[in-house]
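Each chain, letter by letter, is given below.
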8 protein chains.
Amino acid sequence: MKKIAILMGSDSDFPVVEKALTTLDKFGVPFEVHVYSAHRTPEEARAFAVNARENGFGAIIAAAGKAAHLAGAMAANTTLPVIGIPIKSSTLDGLDALLSTVQMPGGMPVATVAIDGAENAALLAIQILAVTDEKLAEKLSAARAENAKKVLEKDRKLADKYNK
Amino acid sequence: MKKIAILMGSDSDFPVVEKALTTLDKFGVPFEVHVYSAHRTPEEARAFAVNARENGFGAIIAAAGKAAHLAGAMAANTTLPVIGIPIKSSTLDGLDALLSTVQMPGGMPVATVAIDGAENAALLAIQILAVTDEKLAEKLSAARAENAKKVLEKDRKLADKYNK
Amino acid sequence: MKKIAILMGSDSDFPVVEKALTTLDKFGVPFEVHVYSAHRTPEEARAFAVNARENGFGAIIAAAGKAAHLAGAMAANTTLPVIGIPIKSSTLDGLDALLSTVQMPGGMPVATVAIDGAENAALLAIQILAVTDEKLAEKLSAARAENAKKVLEKDRKLADKYNK
Amino acid sequence: MKKIAILMGSDSDFPVVEKALTTLDKFGVPFEVHVYSAHRTPEEARAFAVNARENGFGAIIAAAGKAAHLAGAMAANTTLPVIGIPIKSSTLDGLDALLSTVQMPGGMPVATVAIDGAENAALLAIQILAVTDEKLAEKLSAARAENAKKVLEKDRKLADKYNK
Amino acid sequence: MKKIAILMGSDSDFPVVEKALTTLDKFGVPFEVHVYSAHRTPEEARAFAVNARENGFGAIIAAAGKAAHLAGAMAANTTLPVIGIPIKSSTLDGLDALLSTVQMPGGMPVATVAIDGAENAALLAIQILAVTDEKLAEKLSAARAENAKKVLEKDRKLADKYNK
Amino acid sequence: MKKIAILMGSDSDFPVVEKALTTLDKFGVPFEVHVYSAHRTPEEARAFAVNARENGFGAIIAAAGKAAHLAGAMAANTTLPVIGIPIKSSTLDGLDALLSTVQMPGGMPVATVAIDGAENAALLAIQILAVTDEKLAEKLSAARAENAKKVLEKDRKLADKYNK
Amino acid sequence: MKKIAILMGSDSDFPVVEKALTTLDKFGVPFEVHVYSAHRTPEEARAFAVNARENGFGAIIAAAGKAAHLAGAMAANTTLPVIGIPIKSSTLDGLDALLSTVQMPGGMPVATVAIDGAENAALLAIQILAVTDEKLAEKLSAARAENAKKVLEKDRKLADKYNK
Amino acid sequence: MKKIAILMGSDSDFPVVEKALTTLDKFGVPFEVHVYSAHRTPEEARAFAVNARENGFGAIIAAAGKAAHLAGAMAANTTLPVIGIPIKSSTLDGLDALLSTVQMPGGMPVATVAIDGAENAALLAIQILAVTDEKLAEKLSAARAENAKKVLEKDRKLADKYNK
């Protein structure tokens, strides 16, 4: 199975990004995690992207805040799908990171998820692998059924308490 | 090769969405296009998502404006990757569609591209197929090299004219 | 008397939504409360909307945060009035939920109240029932008079203290 | 049948508001239209709201731009449901009117629809009357079925042209 | 000397508004404070505005949050200068109150100060009285000189500490 | 009678500002108009403010766009009331000018009106003079009555045409 | 004299950027212009930045729209001052480009000017060279005096026409 | 070596601005710090700018919040490069200060850094001096190499812990 790369621009993003690791783990999807900054370590960031496909990666998740360029820098150097997580790390509620990540110019898509949406970034990476991996697709379906069940249990609990 | 679905919430979105069709065509990727509204034809939209995987689709592109729910409605009913194109169709410059598409709750990712970013949506879909399709990956690399060449030609033209 | 449905996308919304329950209770209006997610339990959400009218409901209140699709999903499956409460549950102060709820496309209105405006959602539902229920209309008038009296008491207290 | 009031703060809003009139007409719902300004004719505006219920109205639609106070001024003087249409009439794309209309304080709901959403305002008013009027509810269902049919026809046309 | 009216939409605004009282007090300008809501006590609010001039007021300060209509409601019922203080009291950082206060339609100005800017509202009221009151104008000049002195003392302190 | 100063940061603002001149003219209020830039002619701008009171001015209207500092620069150099008109002259719809004008620090109020609100700026200046000028106050009341009449005529026209 | 580099992410930005060229020309400051994209030609962009200092450049102006990474990519690869021009090229009025350019993380400043502010970018570059070039500093002062004169001429013209 | 001026509009900004001092200190760049307000001490602020060049300054850093005019007021009175730090000091997350600082009119650039970006302001000032100071340029390069090393150490630590 191809690996998923999880990059973040600063290790201070890790508490938010961690949910991507635990989600991939839960689905048994192998991953590699790195701290690479588009600005402070541009060479390492670039080298990672350039070699990612032949190093066995299937998708790259890149998390960054403020003028978040990491996902775009990845996208510029690989044709693998790049998933961007805008991180709320300035005073602007993550809006700066969201626009810096999603508003990419023609030719260079970044698959952007919600601000601080690390779990969804991992799920999207798994969905990408699951396009050609039926077992993984089944796991995704099973997880969803599980989630739906939990919602309905909460529904029943609330309904029992408040509906006469 | 798996097909790509291109859905739009209204046929008035077609002039923007069309670039997704021409991009897929350029790469020889088969696609199917539909007008389904999350609100006006919820049943058809849902049925399409539920059956998309077994109908041979590899990813779903969903374009919608305003309170853009189409991509989310797709995501809720399939485990295929769903790519959302926020369409500028209200007075709010597409910001409403962007937030309605990208700010998905945990468990239901939508891979969001820029407002009106139909070309990038198609390229992202191709990148997803290219994870396991080397020929397609090579085509993507070739197209990028072609694009870079064009930028550099424009650079040379401008530089020749203005730099002494 | 027709019942009011109070739906929320996640039980984490309950602390905000609770005021809708207490408000309906205060007016003696029967209600039913449910946790249904437009994305995680789309079938149950849809089924509820489809059957709401014949199950004796007069209006549906739907509360959700982020890319808040629940009210829209209700609106798409019933012709009952649907009242949307945008919930502040992301970093964006509820602006994402507000736009996702209020900017509905033509043909599918959602009666949107303020961010976290659960009390007003309940009052709006009561006003809808009161269009043809004079007793309820009188109760609304009485409650307003009571509210006005409270404001004026606060006015007198402040005025007594600061005005010479 | 109860009447619907359609108020606007300025006759320059009429080109947007007109769709509310045609929609009510299409459903055979009687209405009355007025130009009343919360600021320039506060007395007339207030008097209309105070007497609306006994004058046979079932709901009030109020359209205004900029610091849009008309719907709120209506809501303060009647317990009928008040539907607010924020009008784009300043440089701010209607965001000022939206927030001035939807962010009402506790106790005074305004059922807000999308910016310039006159058709939806009328449909919401009809839905309110249809809570206790089965024939009107059936008309709403029929109109929706008609709309869905149109979407699907457009889908077929597009699909026939582009899907091989 | 004419009095200044200080109105607030809710007594929960008092902690912010209080600085207006202390500022007027410091300048020896008489004032009257009231809690009147544009929505919950529209009659009292209106009556206050209608009679303000003949009751000896020279300007009205009105503070309100969310869809802040109080200053506009005053402006509609008096030709005295009305000063609006947008109060931050919702999740939207006071932007809703700012736009609801400042974006008044032609014919009905509200002199808007910064969000939560109670001190400046009082100073503006004093400036208005000081147009024809030389003593008050001198007091304003003296207070400014005092303020400037304080800034320069802080400058000296900081400069002494850090500049070699 | 005291004069009103109308300053603008650039003569390109004149088409918007002109309505302030015509409004003052209509009320017979004397005025002086100037092009002074807070940045390009800081000395002249400052000198004007410093001498405005003794030169017979009762209020200063200052119109500027983008990072609109003109009103603030006036306020820093006079204790006369300063009225700020934020001008829409950048790509940002006037939001930059609005925030640059209204969000003044404590001690330095600017009475801000709506974006491009030149008529209201003039009316506010007249209201300030009218605090101690009964004839002017009566003219303001008469103008309002006239305006109300016009609204009601438009109401009658619309009502006659559409209400049966 | 050191040269100024003017880079743009796309030749479609040239009509806006051109004013930087003419401004530098007016001051006799040598420059070189290039079309380099942070995403489509990352290698060329990077190489330019890495070698800029030894190639005789004193500052780099970088103009880009949407998720504008070009200035940041320059900043990451040189210690020369980098001046960023956010270009309005999406539906979002340039706000995306502004935040992507200005909100740089610690350690990597980009000297950001106004949206589409090409003239000011050039002036800032000249100011940087003028720190140690007295003749250039004098030219800047002269140009400002010239500008001030023009403003005052416009003032006189307007004042002559409207002030009695 | 030329000195850097660090000005702030209020001493309450010092906790944010302090990082500019420590950064300049780290690089051995002399500086002078002052509290000058564009509004409360306009004369002192202006005088500082007018004399800054002949007093041996090479650049001016100006930090201010809300309607942040300090940097613009500096720019209007010197041809030295002026670096603006927008300070978050109101309810609006620093957006007001950002727009008031960056959206300067043609002819008067302010080199704006991120909201609260004091470290980057200092680094930009150092870069400006380093254009003609090779030793300083080398120090900047060395500091960057150090920073990159730290990022890579954090990368190794994280990678060692999570990558198998």
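Since the model is a prediction, treat every value here as computed from it, not as a measurement.

Trainee: Please provide a residue-by-residue account of the overall build of chain A, values included.
Mentor: Looking only at helices and strands, chain A features six helices and five strands. Starting at the N terminus and walking to the C terminus, you meet the elements of chain A as β-α-β-α-β-α-β-α-β-α-α. Put simply, 67% of the contacts in chain A that link residues at least 6 apart link residues at least 24 apart. Approximately 5500 Å² of chain A is accessible, and the part contributed by carbon and sulfur atoms is 50%.

Trainee: Describe the packing of helix 5 (residues 118-130) of chain A against helix 6 (residues 134-162) of chain A, naming the residues involved and giving the relevant values.
Mentor: Residues and elements named next belong to chain A. At a minimum axis distance of 8 Å, the contact between helix 5 and helix 6 shows a crossing angle of 140°. Here helix 5 is positioned oblique relative to helix 6, judged by the angle of their axes. For the pair formed by helix 5 and helix 6, the contact residues are Leu123, Ile126, Gln127, Leu129 and Ala130 on the first element and Leu136, Ala137, Leu140 and Arg144 on the second. Across the contact of helix 5 with helix 6, the residue classes break down as seven nonpolar, one polar and one charged.

Trainee: Residues and numbers for the relation of the copies chain B and chain A, please.
Mentor: Laying chain B over chain A is done by rotating through 180° and shifting 0.0 Å along the axis; what remains is an RMSD of 0.0 Å. Taken together, the rotation and translation describe the operation of a two-fold axis.

Trainee: Please provide a residue-by-residue account of the interface of chain E and chain C, values included.
Mentor: It is common to report an interface's size as the accessible area lost on association of the parts. In this complex, chain E contributes 20 residues to the contact, which on the side of chain C involves 16 residues. Counting each side, the surface lost to burial between chain E and chain C is near 1500 Å², with a carbon and sulfur contribution of 65%. Put simply, C:Lys154 and E:Asp11 hold a salt bridge, and the shortest N to O gap is 3.7 Å. If you look at where chain E meets chain C, you find four residue pairs in polar contact (both at pLDDT 80 or more). Considering every element that reaches the side of chain E that touches chain C, the biggest residue donor is strand 2 (residues 31-35) of chain E, with five residues. Split by residue class, the side of chain E that touches chain C holds eight nonpolar, four polar and eight charged.

Trainee: Tell me what's going on with the interface of chain B and chain A, and back it up with residues and numbers.
Mentor: In this assembly, 39 residues from chain B lie in contact with 39 residues from chain A. Buried surface at the junction of chain B and chain A, summed over both partners, amounts to about 3200 Å²; 60% is from carbon and sulfur atoms. For the pair chain B and chain A, the interface holds zero salt bridges. Our count for the contact surface shared by chain B and chain A stands at 17 residue pairs in polar contact (both at pLDDT 80 or more).

Trainee: Tell me about unusual backbone geometry, and name the residues and values.
Mentor: Both trends apply: most residues other than glycine have a negative phi, and most peptide bonds are in trans. Despite not being glycine, A:Lys66 shows a phi value in the positive range, around 55°. Relative to the helices and strands, A:Lys66 is located in the loop between strand 3 (57-65) and helix 3 (70-75). Among the residues examined, A:Lys66 registers a relative accessible area of 17% and is labelled buried. Of note, the phi angle at H:Asp116 is positive, near 60°, even though the residue is not glycine.

Trainee: Got a sec to walk through the relation of the copies chain E and chain C? Specific residues and values, please.
Mentor: After a rotation of 90° and a shift along the axis of 0.0 Å, chain E superposes on chain C with an RMSD of 0.0 Å. Both copies of the chain, as the preceding transformation shows, are related through a four-fold rotation axis. Minimal C-alpha distance to the rotation axis in chain E is attained by E:Asp93, lying at 5.9 Å. Looking at chain E, a mere 5% of its interface residues are interface residues in chain C too, so the copies touch through different faces.

Trainee: Quick one: what's the story with the packing of aromatic side chains, residue by residue and with numbers?
Mentor: If you walk through the whole model with that rule in mind, you get 24 aromatic pairs over all chains. Ring plane angle 50° and centroid distance 5.8 Å describe the contact between A:Tyr36 and A:Phe48, whose orientation is recorded as tilted. One end of the pair, A:Tyr36, is in the loop between strand 2 (31-35) and helix 2 (42-52); the other, A:Phe48, is in helix 2, and 12 residues separate them in sequence. By the burial criterion, A:Tyr36 is buried, and A:Phe48 matches it. Seen from their ring centres, A:Tyr162 and C:Phe14 are 5.1 Å apart, and the 40° between their planes marks the pair as tilted. Of the two residues, A:Tyr162 sits in helix 6 while C:Phe14 sits in helix 1 (residues 14-26), which places them in two different chains. Judged by relative accessible area, which is 10%, C:Phe14 ranks as buried. Members of the aromatic cluster, connected to one another through ring pairs, are A:Tyr36, A:Phe48 and A:Phe57. Taking the ring centre of A:Phe57 as reference, the NZ or CZ of A:Lys3 above it sits at 4.5 Å.

Trainee: If you had to explain the domain arrangement of chain A to someone new, which residues and values would you point to?
Mentor: Residue and element names in this part refer to chain A. By the assigned domains, chain A splits into domain 1 (3-132) and domain 2 (134-164). For domain 1 and domain 2, the distance between their C-alpha centres works out to 29 Å. Contact with domain 2 buries surface across domain 1, with Phe27, Gln127 and Ala130 losing the most and accounting together for 69% of the total. For the pair domain 1 and domain 2, the interface holds zero salt bridges. The tally of links from domain 1 across to domain 2 stands at one residue pair in polar contact (both at pLDDT 80 or more).

Trainee: Explain the side chain of H:Asp93 residue by residue, including any values.
Mentor: The topology assignment puts H:Asp93 in the loop between strand 4 (82-87) and helix 4 (95-102). Residue classification places H:Asp93 among the buried positions, given a relative accessible area of 13%. What H:Asp93 contacts, discounting residues up to four positions off in sequence, is A:Thr91, A:Leu92, A:Asp93, E:Asp93, H:Lys88 and H:Ile115.

Trainee: Tell me about the side chain of A:Ser100, and please be specific about residues and values.
Mentor: Summarising the element assignment, A:Ser100 is placed in helix 4 (residues 95-102). Its relative accessible area of 0% is what places A:Ser100 among the buried residues. At a separation of 3.1 Å, a polar atom in the side chain of A:Ser100 contacts the side chain of G:Ser100. Among residues more than four places away in sequence, those in contact with A:Ser100 are A:Lys66, A:Ala67, A:Ala68, G:Ala67, G:His69, G:Leu99 and G:Ser100.

Trainee: How would you explain the environment of F:Ala38 if you had to name every residue and give the values?
Mentor: On the secondary structure map, F:Ala38 appears in the loop between strand 2 (31-35) and helix 2 (42-52). On the basis of relative accessible area, F:Ala38 is assigned to the buried category, the value being 16%. Setting aside anything within four residues of it in sequence, one finds F:Ala38 in contact with F:His69, F:Leu70, F:Ala73 and H:Ala76.

Trainee: I'd like to hear about the pattern of salt bridges, residue by residue, with values.
Mentor: If charged atoms from side chains of opposite charge come close, those side chains can pair. Tallying each qualifying case throughout the model produces 32 salt bridges over all chains. C:Lys88 is paired through a salt bridge with C:Asp93; the nearest N and O atoms lie 3.9 Å apart.

Trainee: So what's going on with helix 6 (residues 134-162) of chain E? Residues and values would help.
Mentor: Over its 29 residues, helix 6 of chain E runs 42 Å from end to end, which matches the ideal 42 Å to within 8%, given 1.5 Å per residue. For helix 6 of chain E, the complete set of buried residues consists of E:Leu136, E:Ala137, E:Leu140, E:Arg144, E:Ala148, E:Val151, E:Leu152, E:Asp155, E:Leu158, E:Ala159 and E:Tyr162. The inward-facing, buried residues of helix 6 of chain E contact helix 5 (118-130) of chain E, helix 3 (70-75) of chain F together with strand 1 (3-8), helix 1 (14-26), strand 2 (31-35) and helix 2 (42-52) of chain H. Put simply, E:Asp133 is the residue that caps the front of helix 6 of chain E, since its side-chain oxygen is 3.2 Å from the backbone nitrogen of E:Lys135.

Trainee: Go over helix 1 (residues 14-26) of chain F, please, and point to the residues and values.
Mentor: Residue and element names in this part refer to chain F. Over its 13 residues, helix 1 runs 18 Å from end to end, which matches the ideal 18 Å to within 8%, given 1.5 Å per residue. The set of residues buried in helix 1 consists of Phe14, Val17, Ala20, Leu21, Thr23 and Leu24. Positive backbone phi, approximately 70°, marks Gly28, located one or two places after helix 1.

Trainee: Can you lay out the pairing of strand 2 of chain A for me, pointing to particular residues and giving the numbers?
Mentor: Residues and elements named next belong to chain A. With four of five residues buried, strand 2 is to be regarded as a mostly interior element. Across five bridges, strand 1 (residues 3-8) lies against strand 2 in parallel orientation. Residue pairing for strand 2: Ala5 is matched across the bridge by Glu32. Handedness of the crossover is the feature at issue here: the chain leaves strand 1, passes through helix 1 (residues 14-26), returns alongside strand 2, and the resulting connection is right-handed.

Trainee: Tell me about the environment of G:Ala76, and name the residues and values.
Mentor: Here G:Ala76 is to be found in the loop between helix 3 (70-75) and strand 4 (82-87). The spacing of G:Ala76 and G:Lys139 is 63 residues in sequence and 32 Å in space, taken between C-alpha atoms. Excluding anything up to four places from it in sequence, G:Ala76 contacts A:Ala38, A:His39, A:Pro42, G:Met108 and H:Arg144.

Reading the values: the criteria
- Residues numbered from 1 in each chain as written.
- Chains lettered and ligands numbered in written order.
- Predicted model: local features only at pLDDT ≥ 70, side-chain atom pairs only at ≥ 80, totals over all residues.
- Heavy atoms only, no water.
- Helix = DSSP H or I, 4+ residues; strand = E, 2+ residues; numbered from the N terminus.
- Contact = heavy atoms within 4.5 Å.
- Areas by Shrake-Rupley, 256 points an atom, 1.4 Å probe, with all protein chains shown as cover.
- Axes fitted to C-alpha atoms, helices over the stretch in contact; angles between N-to-C directions.
- Parallel < 35°, antiparallel > 145°, perpendicular 65-115°, else oblique.
- Nonpolar A, V, L, I, M, F, W, Y, C, P; charged D, E, K, R; others polar.
- Least-squares fit on C-alpha atoms with pLDDT ≥ 70 in both.
- Buried area = accessible area lost by both parts, 1.4 Å probe.
- Salt bridge = Lys/Arg side-chain N within 4 Å of Asp/Glu carboxyl O.
- Polar contact = N/O pair within 3.5 Å; in protein donor to acceptor, adjacent residues only side chain to side chain.
- Buried < 20%, exposed > 50% of the residue type's maximum accessible area, 1.4 Å probe, protein only.
- Phe/Tyr/Trp six-rings, centres within 6.5 Å; stacked < 30°, edge-to-face > 60°.
- Lys NZ or Arg CZ within 6 Å of the ring centre and 35° of its normal.
- Domains from an automatic or database assignment.
- Expected span 1.5 Å × (residues − 1).
- Pairing = 2+ DSSP bridges.
- Right-handed = clockwise from strand over helix to strand, strands pointing away.

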